[in-house]
Amino acid sequence: LHHFPSKQALVEAIFDDLLQRFEHSIDRLMARDVEPHGRFTRAYVTATMELIGMDEFIKWQSLMMTMLTDPGIRQGWKCWMEAQQARYRETDEDGRLVLARYAADGIWLAAVQGHSNLESDRQRGELLAHLIDMTRTP
């Protein structure tokens, strides 16, 4: 804590670091995806599901709880998401894609709350497969 002027500054720095890592995962996944339609959404959904299974998820759980009560952190996430939506508007604005991202967010929240069925790699894999199917052009 002595490296930051306040506890709030420390929390914001942790948020920025985790968000940067998450964005890097999304960029990595997008680079491997040859289909433009839904590329960001597939990467977002996949990166979200990957985080649920990682040891690092405990940091995200703490941050998520902070986001519920801290307007600055909540605003940081909102700004990041709005920037992504604007950036990928042409390829990822379709209603099915928005629904897939919201579903991934709901799965994320369920994992934060400790739903035990999400601890299974198989269960998360099945959910991920369904969400990815939603991102394909019908």
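Keep in mind the model is a prediction, meaning the values are calculated, not measured.

Engineer: An account of helix H7 (residues 121-134) is requested, with residue identities and associated values reported.
Structural biologist: The periodicity of an α-helix, 3.6 residues per turn, causes residues three or four positions apart to be oriented the same way. With 14 residues, H7 extends 20 Å from end C-alpha to end C-alpha; this agrees with the ideal 20 Å at 1.5 Å per step. The secondary structure elements touched by the buried residues of H7 are helix H2 (39-52) and helix H6 (95-112).

Engineer: Please give an account of the environment of Leu-128 that cites residues and values.
Structural biologist: Counting through the fold element by element, Leu-128 comes out in helix H7. Separated by 14 residues in the primary sequence, Leu-128 and Gly-114 place their C-alpha atoms 18 Å from one another. Look past the residues within four positions of Leu-128 in its chain and what remains in contact with it is Val-45, Thr-46 and Met-49.

Engineer: Any chance you could break down the packing of aromatic side chains for me, citing the residues and the numbers?
Structural biologist: Per the stated rule, a full pass over the model turns up 6 aromatic pairs. Arranged with centres 5.8 Å apart and planes meeting at 55°, the rings of Phe-22 and Trp-80 form a pair that is tilted. One end of the pair, Phe-22, is in helix H1 (residues 7-31); the other, Trp-80, is in helix H4 (residues 71-87), with 58 residues separating them in the sequence. Residue Trp-80 is classed as buried on the basis of its relative accessible area of 9%. Geometrically, the ring pair formed by Phe-40 and Tyr-44 is tilted, given 5.9 Å between the ring centres and 35° between the ring planes. Pair noted here: Phe-40 and Tyr-44 are both in helix H2, with a separation of 4 residues, about one helical turn.

Engineer: I'd like to hear about the pattern of salt bridges, residue by residue, with values.
Structural biologist: Enumeration according to the criterion identifies 8 salt bridges in this entry. The residue Glu-35 makes a salt bridge to Arg-136 at a minimum N-O spacing of 2.9 Å. Within this pair, whereas Glu-35 is found in the loop between H1 and H2, its partner Arg-136 is found in the segment after H7, the two being separated by 101 residues in sequence. When its relative accessible area of 35% is taken as the criterion, Arg-136 is described as partly exposed.

Engineer: So what about the confidence of the model for the chain? Which residues, and what values?
Structural biologist: Do not read the fine detail of predicted coordinates wherever pLDDT is low. Predicted confidence across the chain gives a mean pLDDT of 89, with 99% of residues reaching 70 or more. Considering each helix and strand of the chain separately, the mean pLDDT is smallest for helix H3 (residues 57-69), with a value of 78, and largest for helix H5 (residues 89-92), with 96.

Engineer: Run through the nonpolar core, naming residues and quoting values.
Structural biologist: In this structure, Phe-22, Ile-26, Tyr-44 and Trp-77 are the most contacted members of the largest nonpolar core, which totals 37 residues. Elements that contribute at least two residues to this core include exactly H1, H2, H3, H4, H6 and H7. In contact with Phe-22, other than residues within four places in its own chain, are Tyr-44, Ala-47, Thr-48, Leu-51, Trp-60, Trp-77 and Trp-80.

Engineer: An account of the packing of H1 against H2 is needed here, citing residue identities and associated values.
Structural biologist: Pairs of packed helices are described in terms of their axes, by the angle between the two and the distance that separates them. Contact geometry of H1 with H2 gives a least axis separation of 8 Å together with a crossing angle of 130°. The angle between H1 and H2 places the two elements in the oblique class. The chirality of how H1 crosses H2 is right-handed. Contact with H1, carried on its side by Phe-22, Ser-25, Ile-26, Arg-28, Leu-29 and Met-30, involves Arg-39, Phe-40, Ala-43, Tyr-44, Thr-46, Ala-47, Thr-48, Glu-50 and Leu-51 of H2 and no other residues of that element. Partitioning the contact of H1 with H2 into residue classes produces 9 nonpolar, 3 polar and 3 charged.

Basis of the calculations
- Residues numbered from 1 in each chain as written.
- Predicted model: local features only at pLDDT ≥ 70, side-chain atom pairs only at ≥ 80, totals over all residues.
- Heavy atoms only, no water.
- Helix = DSSP H or I, 4+ residues; strand = E, 2+ residues; numbered from the N terminus.
- Expected span 1.5 Å × (residues − 1).
- Contact = heavy atoms within 4.5 Å.
- Phe/Tyr/Trp six-rings, centres within 6.5 Å; stacked < 30°, edge-to-face > 60°.
- Buried < 20%, exposed > 50% of the residue type's maximum accessible area, 1.4 Å probe, protein only.
- Salt bridge = Lys/Arg side-chain N within 4 Å of Asp/Glu carboxyl O.
- pLDDT = per-residue confidence, 0-100.
- Core = buried A, V, L, I, M, F, W, Y, C linked by side-chain atoms within 4.5 Å.
- Axes fitted to C-alpha atoms, helices over the stretch in contact; angles between N-to-C directions.
- Parallel < 35°, antiparallel > 145°, perpendicular 65-115°, else oblique.
- Left-handed = near helix turned anticlockwise from the far one by under 90°.
- Nonpolar A, V, L, I, M, F, W, Y, C, P; charged D, E, K, R; others polar.

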